[in-house]
Amino acid sequence: MNKLIITKLQVNDKEKIFSGLHDGKRFFKVNFDDVDDNQINIGDIYVCKVKEVVKNISAAFVEFIPGEKGYLSLDSNNEFIFMNNKNGGGLVPGDELLVQLVKLNTGSKYHVVSSGISLSGEYIALNLFKTGVGCSNKIKDSEYKKQSQQVILKELDEFKVRTGIQCGAVIRTNAYETQIENVIEELHVLEEKILTYIENSKYLKAPVRITRGEKEYNSIIKGAYTNEIQCIVTDQESIYNELLQDDYIVQKEMELKLYEDNLQPLYKLYDVEGLIKDITKRNVWLKSGGNLVIDTTEAMTVIDVNSAKFNNGKSHEKTSYKINLEAAKEIIYQLTLRNISGIIIVDFINMTSDECKKNVLEVLRKEAKKDRIKTVVVDMTKLNLVEITRKRISTPVNEQIK
């Protein structure tokens, strides 16, 4: 039974809200949010003020909250919802516009914002200024894809005629499990949200936040595959009461429990403190005795696979193959658990057999398909290096617990 565990605990002298999916043996997706409502989160929507336009890098720097600057690519963003427009055309300092935070700063880099507001529901995601209708790669029914895309495109065209606002959409995996009428209904809800944010922003002085991105535990609940979460357990009465009123949880028949054992806190019962230690370790031991060494830089993450303590007396090829197969499964698990994204380079133990290399790649790709975030296993070089890319959706866990 998969459970969503929600609790509070101190992490490095900061109070955090922990939310984690547990499969009965271990957590496979976790998140740590600041309790502070002033925390900035991916998905937050702001009215920002343009501070500087740098043409030679085709970018603008905007103030989205007092004292915080964001990077706005003008190559990726060329349409805007203005509160004012100083010159009636392209961006200039002093312009005020609607943006969404899409990436938190890392190292010396700025936060990244976008004028293309994106809102997600259970069945569909709505994207401001985009065109067309995409569909989850996990939906394999080509006839369903074609028919549903046509229906949603018609709805978006009608929205544009009514409001003058161009939007695109992506049909999510869960849509395949419900009626198209439910997808359309959710689309209309998201369209009205966009209109509300635009209307409300007219009366606010930049820089200011209009709305926060969803709390992470809500995002996990709404983003879960059908029947993926059977039970939600929390020891926080306020969160319990909030979720108790959530029609979505009732509709999906998720069991909701308030944990009330004062002798053993929920975070102790599930050893969240031990989980934090494991997530921050460079070394991950495999059952065979081999290990992974994980190093993350601003540019990429490098994972080294080692034989370490493994010694079964067999040939080097068989030993390498066995460890690499086990490592392939654990690597995808660690990427998901730690929420590592971007470019990942894996240095597997050398294998000479093409068949062995092919099998290791197949395991990697099979495990990657289970990840709800787009993860692509590219290929293996002659040096047994494998390139993986994973889309950045939210902050890596090691940055959340700093």
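Small disclaimer: the values here were computed from a predicted structure and weren't measured.

About the cut-offs
- Residues numbered from 1 in each chain as written.
- Predicted model: local features only at pLDDT ≥ 70, side-chain atom pairs only at ≥ 80, totals over all residues.
- Heavy atoms only, no water.
- Pairing = 2+ DSSP bridges.
- Helix = DSSP H or I, 4+ residues; strand = E, 2+ residues; numbered from the N terminus.
- Axes fitted to C-alpha atoms, helices over the stretch in contact; angles between N-to-C directions.
- Buried < 20%, exposed > 50% of the residue type's maximum accessible area, 1.4 Å probe, protein only.
- Patch = residues over 30% accessible without salt bridge, like charges linked within 9 Å, V, L, I, M, F, W, Y side chains within 5 Å.
- Areas by Shrake-Rupley, 256 points an atom, 1.4 Å probe, with all protein chains shown as cover.
- Salt bridge = Lys/Arg side-chain N within 4 Å of Asp/Glu carboxyl O.
- 1 Å grid on protein atoms, 1.4 Å probe; cavity = no way out; pocket = protein on both sides within 12 Å on 5 of 7 lines; lining within 4 Å.
- Points joined across faces, edges and corners; volume = space filled by probe spheres on them.

Undergrad: Is there a simple way to explain the sheet that holds strand β1 (residues 3–11) in this structure?
TA: Hydrogen bonds between backbone atoms are what pair the strands of a sheet, whose relative direction is either parallel or antiparallel. With mixed pairing, the 5 strands of this open sheet are ordered in space as β3-β2-β1-β15-β16. If you trace the sheet from one side to the other, it starts and ends with β3 (27–34) and β16 (255–258), each paired once. Here the strands of the sheet are splayed against their neighbours by 20 degrees on average, with no regard to which way each runs. Bridging between β1 and strand β2 (residues 14–22) involves 9 bridges; their strand directions are antiparallel.

Undergrad: Would you mind going over the pairing of strand β15 (residues 231–234) with me for this structure?
TA: As a general feature of sheets, a regular strand has side chains that alternate between the two faces. What you see with β15 is no split at all: C231 and V233 on one side and I232 and T234 on the other are buried throughout. The sheet contact formed by β1 and β15 spans 4 bridges and is parallel. Pairing of K3 across the sheet is with C231, part of β15. Inspection of the sheet shows β15 paired to β16 by 4 bridges, in the parallel sense. Within β16, the position partnered with V233 by the bridge is K257.

Undergrad: Even after reading the chapter, I still don't get a nonpolar patch on the surface, so can you show me in this structure?
TA: On the surface, M300, V302 and I343 cluster together to form a nonpolar patch covering roughly 200 Å² of accessible area. Inspection of the secondary structure assignment puts V302 in strand β19 (residues 301–306).

Undergrad: Looking at this structure, how should I read empty space enclosed by the protein?
TA: If a probe the size of a water molecule is rolled over the atoms, the empty space left behind becomes visible. Within the structure shown, the criterion is met by 1 cavity of 30 Å³ or more. Size it by volume and the largest cavity reaches roughly 80 Å³. Every residue lining the largest cavity is counted, 13 residues in all, and those nearest its centre are K29, V30, T336, N339 and S394. Looking at the lining of the largest cavity element by element, the count peaks at 3 residues for β3.

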